[in-house]
Amino acid sequence: MSALQVQRPADLLCEALVGLRTLGKRSLLALLGIVMGSASVIALINIGNNAASEAEALFKGMGVDTLVLRFSEQPRALDTVRLHEMLPQLRSIAPIAQASVSLVFRGQAVHASLVGSHAALADAMRLTLREGRFFSDFDQLATFAVVGHQLAQELSAGGVPLQVGDQVRVNNYLYQVLGILQDQPDGLLMPIRASASLFVPLPGMARLDGRAGMGEVVMRAAADQDMPLLASAVRQAIAHLHGGQDVNILIAQQMIEGMTRQSRTFSYLLMALAGVSLVAGGVGVMNVMVMNIAQRKREIGVRMALGARRRDIRYLFLLEALALTAIGALLGAVLGGVFAWGYSLLSGWRFSFAVSSLVLGMGSTLLVGLFFGLYPAMAAARLQPVEALREE
Amino acid sequence: MGGGLFVCALQLTLVLAVCNSEPLISLRGITKRYQHAGQTLSVLNDVCLTVHAGESCAILGASGSGKSTLLAILGLLSAPDSGQHRFAGQDICTACPDQLAALRNRHIGFVFQNFNLMPRLTALDNVALPLTYRGVARNEARERAMVRLVQVGLADRAAHHPADLSGGQRQRVAIARALIGEPALILADEPTGSLDTGTASDIMDLLLSLNREYHTTLVVVTHDITIARHLQRQIHVEGGRVQAFAS
Ligand SMILES: Nc1ncnc2c1ncn2[C@@H]1O[C@H](COP(=O)(O)OP(=O)(O)OP(=O)(O)O)[C@@H](O)[C@H]1O
Ligand SMILES: [Mg+2]
């Protein structure tokens, strides 16, 4: 009596698989839910991961060291020298005034946005020049202009390409082209479209448009600054200089955080969806197992007569449920991986497969199978041998 | 001192003698009732029965008299509502389900009227099944199963599935399965009930030869009085009580 009977795990698995084979088409239907559940978990985690890393890569290229300050009431002037003294952590400070003007070049009239700023703008916005140079601090009062890439192309539409040294008429003033910008994407934070703008020194702006006020300041931090901390320091300094002026400061980090938070929320949502399909699959598994056990009551009775203990019966059916789920989880993993890969391909992202998604996806699917297989297996184990044997 | 030792030794011999003479099965005042549609149906009423190791018994009685119910209690598949039940020196009333399963696995072999083989397993694996519940490795279990199949004359059918065997062959496989655990007791509920007369007598001869040659205790439920005459004792079930006769 004390002799413990232990059924070997390999034999148990063998028997479970044999049992599964006879489930046939019904088990295939239950598998569908499990496959979908597992596939969606794996696809969604991968898509979420790839989207997040893609978004982050996008932002990283745009300079995480940039601050853009927006005034609510435009001040007449900003003492950038004072500001620099107060905040040496800032590498460059460039106030911006914007106006809309029409330019004439060799009889060709083009509408453009006029940007008045300091020499520091080139560094603050990481502007690179295709030809010529950006205006310097000594050109403050000169009628020099730097032309954006796209604007230069529009001005060249007459057949004669715009070149450094050419004269462009802005309202009634002639400006000499000092440089032409390279084609480069604008950072998402930037208040202007560099490519379509004509850059002139800020002090001369009043001549061209009397109403153009200083709306924004683009700033770039020195290396290794804590951007949120710096942003609040800037806010304090501006309040000090401009008597409680309310300003809005944008930093890339905020937006990156916002974006990752958003994509995280998105993946949570998708995970919830995956959870729903998993639960549906789990209910399917439970259904198949309940029917399976109802059909095999007599077999359960015979097994008990031959000496199967309750736990042997429980393991047998639990293992069948698990094997069923494992097959579904595996199919789902393949399907989910292919789906995520296709999605990345269509979105033009770089695809990387997250191993964690496999662990999480297959793991959660197996857990679902275990959970929903437990009840039928325990019900089977609790059958009375003689009652089970009596079953037709 | 010496006297005390002698008394001790005497007591020990006495105890051993009592152990040896304890019957394999002892039922005392067993009752079994079923609740059906609000009515209580008393199937077994104060049944007392003793079966010694090596005996062969037939259980006879009208249909619905409770023969199968009695056999299920003897086979530890069903618990009586009251009474004392001892089997193989164990008190069955206080044993837990796992202990009962172990007792069935080690000491009892079942033969059913409708064979009850696992349709998805081969004859060999069907015979080996009880051993897997003892943790015997698959290969060893198959080897031992083969020996039993040879014993019942079905060595060449080892790889067949039950569906590909005749009724008599299926029952032989079932008997081989009952034998594989080398049980002290074989319980058979109308083992020849689904077989034609010729096959039936072959199966009965096989069961009787086991009782003769290996002294396996045999309890057979049957309607056939000629079969019952081949067994040492006849137990009649009638009105919820049993009466035993010797052949
Ligand atoms: N689970 C049950 N619920 C209700 N009644 C039952 C149950 N099991 C058996 N019975 C009743 O107990 C009685 C005895 O049944 P049992 O199967 O032991 O008869 P039997 O002598 O084997 O009959 P037969 O020769 O036809 O096989 C029958 O009247 C049957 O209806
Ligand atoms: Mg019966």
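The model shown is predicted, which means the values in this text are computed figures rather than measured ones.

Procedures and definitions
Residues numbered from 1 in each chain as written. Chains lettered and ligands numbered in written order. Predicted model: local features only at pLDDT ≥ 70, side-chain atom pairs only at ≥ 80, totals over all residues. Heavy atoms only, no water. Contact = heavy atoms within 4.5 Å. Buried area = accessible area lost by both parts, 1.4 Å probe. Salt bridge = Lys/Arg side-chain N within 4 Å of Asp/Glu carboxyl O. Polar contact = N/O pair within 3.5 Å; in protein donor to acceptor, adjacent residues only side chain to side chain. Helix = DSSP H or I, 4+ residues; strand = E, 2+ residues; numbered from the N terminus. UniProt positions renumbered as here; feature names shortened; annotations may be inferred. Buried < 20%, exposed > 50% of the residue type's maximum accessible area, 1.4 Å probe, protein only. Pairing = 2+ DSSP bridges. Right-handed = clockwise from strand over helix to strand, strands pointing away. Near = heavy atom within 4 Å. Areas by Shrake-Rupley, 256 points an atom, 1.4 Å probe, with all protein chains shown as cover. Expected span 1.5 Å × (residues − 1). Bend = angle between axes of the 7 residues up to and from the residue.

Caption draft 1: Broad picture of the interface of chain B and chain A. With 31 residues of chain B in contact, the opposing surface of chain A contributes 31 residues. Summing both partners gives a buried area of about 2900 Å² for chain B against chain A, and 58% of it is carried by carbon and sulfur. Taken as a group, Leu77, Arg120 and Tyr133 of chain B account for 27% of the area that chain B buries against chain A, more than any other trio of residues on that side. On the surface where chain B and chain A come into contact, there are 2 salt bridges. Measuring nitrogen to oxygen at the nearest pair gives 2.7 Å for the salt bridge that ties Glu299 of chain A to Arg120 of chain B. Between chain B and chain A we count 8 residue pairs in polar contact (both at pLDDT 80 or more) in total. Counting residues per element, the side of chain B that touches chain A draws most heavily on helix α3 (residues 97-107) of chain B, which supplies 9 residues.

Caption draft 2: Quick look at the UniProt feature "domain: ABC transporter" (unreviewed entry) in chain B. Taken from the UniProt record, the annotation "domain: ABC transporter" (unreviewed entry) applies to residues 25-246 of chain B. Taken as a whole, residues 25-246 of chain B contains 36% helix and 29% strand, while its terminal C-alpha atoms sit 17 Å from one another.

Caption draft 3: Fine view of the pairing of strand β8 (residues 217-221) of chain B. Residue and element names in this part refer to chain B. Counting buried positions along β8 gives 5 out of 5 residues, so the element sits mostly inside the fold. Here β8 shows no split at all, with Thr217, Val219 and Val221 on one side and Leu218 and Val220 on the other all buried. Bridge count for strand β3 (residues 56-61) against β8 is 4 bridges, and the pairing is parallel. The residue bridging Cys57 from the neighbouring strand is Val219, located in β8. The sheet contact formed by strand β7 (residues 185-189) and β8 spans 5 bridges and is parallel. Bridge pairing in β8 places Leu187 opposite Val219. Since β7 and β8 lie parallel, the crossover through helix α7 (residues 197-214) that links them has a hand, and here it is right-handed.

Caption draft 4: Layout of the site of ligand 1. Around ligand 1, the surrounding shell holds 15 residues, and the nearest of these are Ser63, Gly64, Lys67, Ser68 and Thr69 of chain B. Each of chains A and B places residues near ligand 1. The contact in question runs from an oxygen atom of ligand 1 to an N or O atom on the backbone of Gly64 of chain B, over 2.8 Å. Within the side chain of His223 of chain B, an N or O atom sits 3.4 Å from an oxygen atom of ligand 1. Starting from 640 Å² of accessible surface for ligand 1 in isolation, the protein chains cover 73%. Listed by contribution, the elements that provide at least two residues to the shell around ligand 1 are α12 (385-390) of chain A together with β2 (39-51) and α2 (67-74) of chain B.

Caption draft 5: Region of interest: helix α11 (residues 355-381) of chain A. Residue and element names in this part refer to chain A. Between the first and last C-alpha of α11 there are 37 Å, a value that for 27 residues agrees with the 39 Å anticipated at 1.5 Å per step. At Leu374, α11 is deflected by roughly 35 degrees, the largest bend along its length, and proline Pro376 occurs up to four residues later in sequence. When α11 is considered as a whole, its buried residues turn out to be Ser357, Gly361, Met362, Thr365, Val368, Gly369, Phe372, Gly373, Pro376, Ala377, Ala380 and Ala381.

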